[in-house]
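Chain residues, written in single-letter form:
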Amino acid sequence: MQQQQLLQKKEMEQDATNQKVNSPKQPMWVRRIQASINGIRKDLSAWAEIKRNEIKTQNMKRKRLLRKYNTGNEDNLDQVMTELKLKVSAKTQ
């Protein structure tokens, strides 16, 4: 009885590994778009933290975001956040 269960487990594990090996990867262009969307979402959440000011974001993160989006100061947060939201919605369609 135990031997049969062990054999069944081994077969299931082999099937799972075969599925991983045989499953087709997504095309590179899809992975690039998904990575881009994830990066934009990451920046968007960082902007939301800066705007809320609940969690003190690191000074380097603030400087990086201000430099990346050419805002110069934190007065244009709403504009930058709406632009990022529009980029995400455009790329997901």
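Since the structure is predicted, the reported quantities are computational estimates derived from the model, not experimental observations.

### Some details on the overall build of the protein
So, step 1. Within the protein, the secondary structure is distributed over four helices and zero strands.
So, step 2. Across the protein, helices and strands are ordered from the amino to the carboxyl terminus as α-α-α-α.
So, step 3. Within the protein, buried positions represent 22% of all 93 residues.
So, step 4. Taking as baseline every contact in the protein between residues at least 6 positions apart, the subset at least 24 positions apart corresponds to 56%.
So, step 5. Summed over all atoms, the accessible surface of the protein reaches about 7900 Å², with 52% contributed by carbon and sulfur.

### Here we look at helix 3 (residues 59-68)
The α-helix advances 3.6 residues per turn, and as a result positions three or four apart in sequence lie on the same side.
So, step 1. Of the positions making up helix 3, those classed as buried are R62, L65 and L66. Taken around the axis of helix 3, the buried residues stretch over an arc of 100°, which confines them to a single face. In helix 3, those exposed residues whose orientation departs by more than 90 degrees from the buried face are M60 and R67.
So, step 2. Once helix 3 finishes, N70 follows within two positions and takes phi at roughly 50°, a positive value.

### Observations concerning the packing of helix 2 (residues 28-52) against helix 3
So, step 1. One way to put it is that helix 2 packs onto helix 3 with a least axis distance of 11 Å and a crossing angle of 115°. For the crossing formed where helix 2 meets helix 3, the hand is left-handed. Mapping the contact onto sequence places K42, D43, A46, W47 and I50 in helix 2 and K61, R62, R64, L65, L66 and K68 in helix 3.
So, step 2. The class makeup of the residues in the contact of helix 2 with helix 3 is five nonpolar, no polar and six charged.

### Quick look at the confidence of the model for the protein
So, step 1. On average, the protein scores 76 in pLDDT, and the residues at 70 or more come to 74%.
So, step 2. Mean pLDDT in the protein bottoms out at helix 1 (residues 2-22), which sits at 63, and peaks at helix 2, which reaches 87.

### Structural notes on the nonpolar core
So, step 1. Core analysis: the biggest nonpolar cluster contains 15 residues, and W47, I50, L65, Y69, V80, M81 and L84 have the highest contact counts within it.
So, step 2. Elements that contribute at least two residues to this core include exactly helix 2, helix 3 and helix 4 (77-92).
So, step 3. Examining the composition of this core, we find that seven residues originate from one element, helix 2, more than from any other.
So, step 4. With near-sequence residues (within four places) excluded, L84 lies in contact with I40, D43, L44, W47 and Y69.

Conventions and cut-offs
- Residues numbered from 1 in each chain as written.
- Predicted model: local features only at pLDDT ≥ 70, side-chain atom pairs only at ≥ 80, totals over all residues.
- Heavy atoms only, no water.
- Helix = DSSP H or I, 4+ residues; strand = E, 2+ residues; numbered from the N terminus.
- Buried < 20%, exposed > 50% of the residue type's maximum accessible area, 1.4 Å probe, protein only.
- Contact = heavy atoms within 4.5 Å.
- Areas by Shrake-Rupley, 256 points an atom, 1.4 Å probe, with all protein chains shown as cover.
- Arc of directions from axis to C-beta.
- Axes fitted to C-alpha atoms, helices over the stretch in contact; angles between N-to-C directions.
- Left-handed = near helix turned anticlockwise from the far one by under 90°.
- Nonpolar A, V, L, I, M, F, W, Y, C, P; charged D, E, K, R; others polar.
- pLDDT = per-residue confidence, 0-100.
- Core = buried A, V, L, I, M, F, W, Y, C linked by side-chain atoms within 4.5 Å.

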